[in-house]
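Examination of the molecular architecture
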Amino acid sequence: NDVVVWGHTSRGRVNLRGSLAKYDEAVHGAGYIAPHAQDSAEVALKSVSLQSAGELRDHLWQTLGWASPYLLECEGAADEVMEALELSCREVAVLLEPGLDVEADLLAPLRARCSCFFELLPSPPSPTSSNEGGSNPCTCLLRAVGDDE
């Protein structure tokens, strides 16, 4: 009935060994209360003096940062997320000729020159455009995401 407690910090690793009885005594002395499920999310939030899931998310991000178990919600908040990540996004329309190997001829050379994430997005078709048979050039959006440098 031995217990091993591992501790990892920026200063190194600590390995503590002891009896289960001593461990239980230390846990109880520290005031630890085992987690348990509440009847509802509302009750659980109130038990830690929070009013909403948004407050919980904000609290976890403020206290834990990127270690937060609460995912950063990106829907409708793209600008805030990009700012938090210190990233920016640029989009540019590109004309793709038929037969172009997009990966080899366009994306690979761009990736070799900078550390941005690149993706090619189809442009919505205009009422006057038609590319039946794939013989006409195609306009797409090239999106680059990276730091401002």
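Scoring rules and cut-offs
Residues numbered from 1 in each chain as written. Predicted model: local features only at pLDDT ≥ 70, side-chain atom pairs only at ≥ 80, totals over all residues. Heavy atoms only, no water. Helix = DSSP H or I, 4+ residues; strand = E, 2+ residues; numbered from the N terminus. Buried < 20%, exposed > 50% of the residue type's maximum accessible area, 1.4 Å probe, protein only. Contact = heavy atoms within 4.5 Å. Polar contact = N/O pair within 3.5 Å; in protein donor to acceptor, adjacent residues only side chain to side chain. Salt bridge = Lys/Arg side-chain N within 4 Å of Asp/Glu carboxyl O. Core = buried A, V, L, I, M, F, W, Y, C linked by side-chain atoms within 4.5 Å. Pairing = 2+ DSSP bridges. Axes fitted to C-alpha atoms, helices over the stretch in contact; angles between N-to-C directions.

Comments concerning the overall build of the protein
On a plain count of helices and strands, the protein comes out with five helices and five strands. Out of the 149 residues in the protein, the part that is buried amounts to 13%. If you take every contact in the protein between residues at least 6 apart in sequence, the share linking residues at least 24 apart comes to 43%.

Thoughts on the environment of Lys22
Here Lys22 shows up in helix H1 (residues 20-29). Take Lys22: its relative accessible area is 56%, and that puts it in the exposed class. Residues Lys22 and Asp2, spaced 20 residues apart in sequence, show a C-alpha to C-alpha distance of 9.4 Å.

Looking at the side chain of Ser88
Within the secondary structure, Ser88 sits in strand S3 (residues 88-96). Assessed through its relative accessible area of 14%, Ser88 is described here as buried. A polar contact of 3.3 Å, which involves the side chain of Ser88, links it to the side chain of Arg90.

A short note on the pattern of salt bridges
Overall, the coordinates contain five salt bridges when judged by the stated rule. When the shortest N-O distance is used, the salt bridge between Asp58 and Arg57 registers 3.1 Å. On the basis of relative accessibility, which here comes to 36%, the residue Asp58 falls in the partly exposed class. With relative accessibility at 21%, the residue Arg57 sits in the partly exposed group. Taking the shortest distance from any N to any O, the salt bridge between Arg143 and Glu119 comes out at 2.9 Å. Pair noted here: Arg143 is in strand S5 (residues 138-146) and Glu119 is in strand S4 (residues 117-122), with a separation of 24 residues, a long-range link. Residue class for Arg143 comes out partly exposed when judged on its relative accessible area of 25%.

Considerations on H1
H1 sits mainly on the outside: zero of its 10 residues count as buried. Positive phi appears at Gly31, one or two residues downstream of H1, with a value of about 85°.

Details of the nonpolar core
Val94, Leu96, Leu106, Leu107, Phe118, Cys140, Leu142 and Ala144 form the largest nonpolar core, which has eight residues in total. Breaking this core down by element, the ones donating at least two residues are S3, helix H5 (102-113) and S5. Examining the composition of this core, we find that three residues originate from one element, S5, more than from any other.

Observations regarding the sheet that holds S4
Taken in spatial order, the three strands of this open sheet run S3-S5-S4, and their pairing is antiparallel. Every interior strand has two partners, whereas the edge strands, S3 and S4, have only one. Averaged over neighbouring strand pairs, the angle between their axes works out to 25° when direction is ignored. In this structure, S3 lies alongside S5, joined through nine bridges in antiparallel fashion. Paired with Leu96 across the two strands is Cys138, which belongs to S5. Strands in contact with H5 are S3, S4 and S5; relative to S4, the strand with the most contacts, it is inclined by about 145°.

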